[in-house]
Amino acid sequence: MDGVPGRFCGTAGLATDALGNVYVADTCNNSIRKISAGSVSTVASEQIGSQDGTGLPVSFYRVGAVAVDSTGTIYFTTNTSIRKISVTGQVSTLAGSPTQCNSSSDGTGAAACFAQPLAIAGDGLGNLFVADGLDNTVRKITSAGVVTTVAGKAYDAAYAEGTGADARFTRLVGIAVDGTGNVYVSDSGNRLIRKITPSGLVTTLTGIRPNFGYVGSIDGPPGIANFVRLGAMTIDSQGNLLVLDRNIVRKVTPDGIVTTREARFADGTVALLNGDGIAADMAGNVFVAANGAVYRLAPDGIVSIAAGVPLAGPGFADGLGRAANFNEPGNLAVDTGGNVYVADIGNNAMRRITPTGNVTTIATNVAASTASVFRSGLHFDLTIDQVGNIVITDAVLHLVRRFMPDGSLVTFAGSQWPDGQVAKACSFGCFYNVGASRPMAIVGDGLGDFYVLDSNRIRKVGLTGGDSIVTCGGSEFCQASQGLYPQGLVRDSAGNLYNLQRHAVVKISPAGVVAVIAGDALQTGFVDAVGPLARFSAPTYLAIDGHDNIFVADTANNAVRKVTPSGVVTTIAGSPGLRGVKVGALPGSLTKPTGIAVTADGKTIYVVSQHAVLKIEP
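Residues numbered from 1 in each chain as written. Predicted model: local features only at pLDDT ≥ 70, side-chain atom pairs only at ≥ 80, totals over all residues. Heavy atoms only, no water.

Undergrad: Whenever I open this one, the overall build of the protein confuses me. Can you help?
TA: Scanning the protein for helices and strands turns up one helix and 52 strands. The proportion of buried residues among the 618 residues of the protein is 60%. Approximately 22,000 Å² of the protein is accessible, and the part contributed by carbon and sulfur atoms is 55%. (Helix = DSSP H or I, 4+ residues; strand = E, 2+ residues; numbered from the N terminus. Buried < 20%, exposed > 50% of the residue type's maximum accessible area, 1.4 Å probe, protein only. Areas by Shrake-Rupley, 256 points an atom, 1.4 Å probe, with all protein chains shown as cover.)

Quick look at the structure:
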């Protein structure tokens, strides 16, 4: 809906022009919208397709990132092409094809191919630079539509410094260009900000590659500064990078010094801007697309709504259905009665959703010693034991803990161990190893024993605290998972374990034999197929039903996928390039699904998207 305040379906990329107007990629509505003096208007589209033309009769599909040049021409990404809107409203395709490409070919106009352009920025000289996230390359488009690859190697997700094709990236999600022609990208898979000089030399500006534990958003110079979940980026009027990092805005100076921008609402509460797009104007205002609205972060740190009506954002309220609020919910678990349990990370709480949709809080900050149980939000998992108790992993405190029937929290295995300490005795189940080892996922066997994903090891913890390593040392699992950051853990009826290694679903037999059953750890994509021919993009959690079908929260693809016992991969809900929560008939749309659970009969799936828990019935 146009007007004041206007409404959006799914806000994604943002850009500002020299006059202070803000342009928004409205993904679910397949439209480019404009915010001027708080009033929203539709520049073009509202139809699905790839038709060029003038004004509203044209059609777009999966609009994403947006850029505006000095003449007022708007450029934006769609599914596999780069489109532009002239100052007279004429829409045309600058480069790429509206159909899915099977390569990342360079060329002119329609002869060029993009796998999944996720971010776009101009250099002020008429050239555009594109972060082609699916094939991990940086592409350049001249004003004539000539496309070349500046850095990276297509479909080779890794990390490497170097020039041109010698460099490697993993999941590029943001891009910006400074006044001297240097290109910067958000290398989200490696949690780094990378710099590309005009000669094509790629170096790391700041950030630290992931280790096997929770790191957190840490300010400081290169070598100290850290990121959690990098997103879109822009450059402010002073030449600093502004980068979305999970739900905060980070400022990065040209020297790589990172600070966190203060962001609070007028009433003093902290503003969590878990967004998909960011832009800045000449007056120092920062705009963030989040929760179906566009927020303005003023230079003094005050956040207000520039346009739109926010969807349910972070909060803490029990209630029925949409009356309830969560704050950064983590993973999910479902019991035999159909109750869904939610690790509500931001609220330091454990929540329960009944089959009728009523949300209640089971426990929160029971005592000072337990308040930090939920603070991580990354590598945090939960399961239900054989008698119905909730068992959780705490990757920050290196513990496995159980909620007892009386609501108390008891440490099941491990011992609290402050970061930086290299040795501390614990009676059993120690989940640390010189600072690198942390319990990140857990699943029970139904008999009282639990399997815990501890960095690149899977460990079995007995009911009485007995601890053994299932796969470690020189085993195939340890060797196969090195550098692949395994996460998620489920167990089938035959005792096989499954986890995620980057972009693949991996099976570990009771004998410790490791095999990929779907996807490719080093290649991102979105392909429904069988076994290693299928493609995922940065999946985060797994769930399994009573028929041994595995359900995957395919986070970067904004989708929920299903893997049968024979390795057949299909898409249940969502679609890559479509962001924003759109309920109703499947496939609908999701935004960065993370936590996931499924009932034993496989007929109901629960998934976390932004600050909501969604119910999917295939």
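Following the structure, the description resumes.
Undergrad: I tried to follow the pattern of salt bridges on my own but got confused; where do I start?
TA: For side chains bearing opposite charge, pairing can occur when the charged atoms are close. Counting across every chain of the model gives 13 salt bridges. The partner of Asp156 in a salt bridge is Arg168, and the shortest N-O contact between them spans 2.9 Å. Separated by twelve residues along the polypeptide, Asp156 in the loop between β14 (146-151) and β15 (162-163) and Arg168 in the loop between β15 and β16 (172-177) bring together distant segments of the chain. In this structure, the salt-bridge partner of Asp245 is Arg250, at a minimum N-O distance of 2.6 Å. A relative accessible area of 0% means that Asp245 is categorised as buried. With relative accessibility at 0%, the residue Arg250 sits in the buried group. Several salt bridges converge on common partners, so that one network encompasses Asp106, Asp132, Asp135 and Arg139. (Salt bridge = Lys/Arg side-chain N within 4 Å of Asp/Glu carboxyl O.)

Undergrad: I tried to follow the sheet that holds strand β46 (residues 541-544) on my own but got confused; where do I start?
TA: Sheet strands pair via backbone hydrogen bonds, and the direction of the pair is either parallel or antiparallel. With respect to topology, four strands assemble into an open sheet ordered β46-β47-β48-β49, the strand pairing being antiparallel. Every interior strand has two partners, whereas the edge strands, β46 and β49 (569-574), have only one. Pairwise comparison of adjacent strand axes, ignoring direction, gives a mean angle of 25° for this sheet. In terms of strand pairing, strand β47 (residues 550-554) meets strand β48 (residues 559-563) through five bridges, oriented antiparallel. (Pairing = 2+ DSSP bridges. Axes fitted to C-alpha atoms, helices over the stretch in contact; angles between N-to-C directions.)

Undergrad: Could you clarify how one ought to interpret the pairing of strand β38 (residues 439-444) in this entry?
TA: Two faces belong to every sheet, and in a regular strand the side chains alternate between them. Counting buried residues in β38 gives five out of six residues, a clear majority hidden from the surface. Bridging between β38 and strand β39 (residues 450-454) involves five bridges; their strand directions are antiparallel. Note on β39: the bridge partner recorded for Ala441 is Leu453. From the end of β38 to the start of β39, which pair antiparallel, there are five residues, and Gly446 there has a positive phi angle of about 80°.

Undergrad: Any chance you could explain unusual backbone geometry here in plain terms?
TA: Trans peptide bonds make up the majority, and among non-glycine residues the majority have a negative phi. Geometrically, the link from Leu586 to Pro587 is a cis peptide bond, its omega value of 15° lying close to zero. If you trace the backbone, Pro587 turns up in the loop between β49 and β50 (596-598). Of note in the backbone geometry, Asn136 takes a positive phi value of approximately 60° without being a glycine. Structurally, the position occupied by Asn136 is in the loop between β12 (128-132) and β13 (137-141). Residue classification places Asn136 among the buried positions, given a relative accessible area of 0%. If you check the backbone angles, Arg502 has positive phi at about 55° while not being a glycine. Note that Arg502 resides in the loop between β43 (497-501) and β44 (504-508).

Undergrad: Looking at this structure, I do not really get the pairing of strand β17 (residues 183-187). What am I missing?
TA: Taking burial as the measure, the five residues of β17 include five buried ones, the bulk of the element. Neither face of β17 is left uncovered, since the one carrying Val183, Val185 and Asp187 and the one carrying Tyr184 and Ser186 both have all their residues buried. Here five bridges tie β16 to β17, and the two strands are oriented antiparallel to one another. The residue of β17 that forms the bridge with Val177 is Val183. In this antiparallel pair of consecutive strands, β16 and β17, the connection spans five residues, and Gly181 shows a positive phi of 90°. Both β17 and strand β18 (residues 192-196) contribute to a ladder of five bridges, which runs antiparallel.

Undergrad: When you look at the side chain of Ser81 in this model, what are you seeing that I'm missing?
TA: Relative to the elements of secondary structure, Ser81 occurs in strand β8 (residues 81-85). Judged by its relative accessible area of 3%, Ser81 is buried. Within the structure, Ser81 has its side chain in polar contact with the side chain of Thr78 (distance 2.6 Å). Beyond its immediate sequence surroundings of up to four residues, Ser81 is in contact with Phe76, Thr93, Ala95, Gly96, Ser97, Phe114 and Pro117. (Polar contact = N/O pair within 3.5 Å; in protein donor to acceptor, adjacent residues only side chain to side chain. Contact = heavy atoms within 4.5 Å.)

Undergrad: Please clarify how the environment of Arg83 should be interpreted in this entry.
TA: Within the secondary structure, Arg83 is located in strand β8. Accessibility expressed as a relative area gives 1% for Arg83, which makes it buried. Each C-alpha atom, one on Arg83 and one on Leu94, is 5.3 Å from the other, the two residues being eleven residues apart in sequence. Among the polar contacts made by the side chain of Arg83, one reaches the side chain of Thr93 at a distance of 3.1 Å.

Undergrad: Would you mind showing me how to read the environment of Thr149 here?
TA: By the secondary structure assignment, Thr149 is in strand β14. Thr149 gets classed as partly exposed once you look at its relative accessible area, which sits at 32%. Placed 43 residues apart in sequence, Thr149 and Asp106 show a C-alpha to C-alpha distance of 6.8 Å. Each residue touching Thr149, except ones within four places of it in the same chain, is listed here: Asp106, Thr137, Val138 and Arg139. In this structure the side chain of Thr149 is engaged in a polar contact, spanning 3.0 Å, whose partner is the side chain of Asp106.

Undergrad: For this particular structure, what's the right way to read the sheet that holds strand β52 (residues 612-616)?
TA: Pairing is antiparallel in the open sheet, where three strands are placed in the order β50-β51-β52. Strand pairing shows two members of the sheet lacking a second neighbour, β50 and β52, which therefore form its edges. Recorded for the sheet is a direction-independent mean angle of 20° between the axes of neighbouring strands. Of the pairings in the sheet, the one linking strand β51 (residues 605-609) to β52 comprises five bridges and is antiparallel in character. Bridging from a neighbouring strand, Tyr606 pairs with Lys615 of β52.

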